[in-house]
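# An overview of the molecular structure
Take a look at the letters that make up each chain.
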Amino acid sequence: MTATPANRDPDAARQRARDIISAYVGHKGALLMALLDVQYQLNYIPETTVDDAAEILGYSQPEVWGVLSFYSDFSVGQGSDHFIDVCIDAPCHVTGARSIERAIRDAVTDSDVEVRPISCPRLCNQAPVVAYDQQWRGQLTPQTAAEFARDMGVVS
Ligand code: FES
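Just so you know, these numbers come straight off a predicted model, no measurement behind them.

## Brief notes about the sheet that holds strand β4 (residues 135–137)
- Pairing within the open sheet is mixed, and its 4 strands lie in the order β2-β1-β3-β4. Each having just a single partner strand, β2 (113–118) and β4 make up the two edges of the open sheet. For this sheet, the mean angle separating the axes of adjacent strands, direction not counted, is 20 degrees.
- As defined by bridge partners, strand β1 (residues 82–87) adjoins strand β3 (residues 130–132) across 3 bridges and the pair is classed as antiparallel. Of the residues in β3, the one forming a bridge with D85 is A131.

Structural data, given as structure tokens:
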């Protein structure tokens, strides 16, 4: 499920995230699984989820933040409908990730699309890599990255 305008209502999103988290009470590995489920269902992690996951699952807030910051899969406090992920870790960095990120930011005009730098999705043999809603492309240049954004329909 992708984010809908209803998912961006802070109160509705918080309640939905609480319901999702509550379903994992007592499960082994509950924190990571619950956070992944919130990310999957809302397409982002409401900031209130840090407090809620800590309260519901019995973790400390730093423990919840630790999981959220360790994995690149999480987008905290954002509610865009779509994402363009640009890997900026070392193999992608040395093959031009930052110039690709700039080219994409310059090209994207759709305000429902958020460009975000991410950590390695383990596609280094294809570096530099970019994804639009998890559709990955590799071995990009700034020019082909902008063309990719155009192909995805996020450029006017
Ligand atoms: S560093 Fe970019 S895919 Fe691994």
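## A short note on unusual backbone geometry
- For the bond running from A127 to P128, omega is -5 degrees, close enough to zero to count as cis.
- Examined against the element boundaries, P128 turns out to sit in the loop between β2 and β3.
- If you check the backbone angles, R122 has positive phi at about 70 degrees while not being a glycine.
- Counting through the fold element by element, R122 comes out in the loop between β2 and β3.

## Concerning the environment of A131
- Structurally, A131 is set in strand β3.
- Under the C-beta neighbour-count criterion, A131 is labelled partly exposed, with 19 such atoms within 10 Å.
- Sequence separation between A131 and R18 is 113 residues; the distance between their C-alpha atoms is 29 Å.
- In this structure, A131 is in contact with I84, D85 and W136, ignoring residues within four places of it in sequence.

Thresholds applied
Residues numbered from 1 in each chain as written. Predicted model: local features only at pLDDT ≥ 70, side-chain atom pairs only at ≥ 80, totals over all residues. Pairing = 2+ DSSP bridges. Helix = DSSP H or I, 4+ residues; strand = E, 2+ residues; numbered from the N terminus. Axes fitted to C-alpha atoms, helices over the stretch in contact; angles between N-to-C directions. Buried ≥ 20, exposed ≤ 12 C-beta atoms within 10 Å, placed from the backbone. Contact = placed C-beta atoms within 7 Å.

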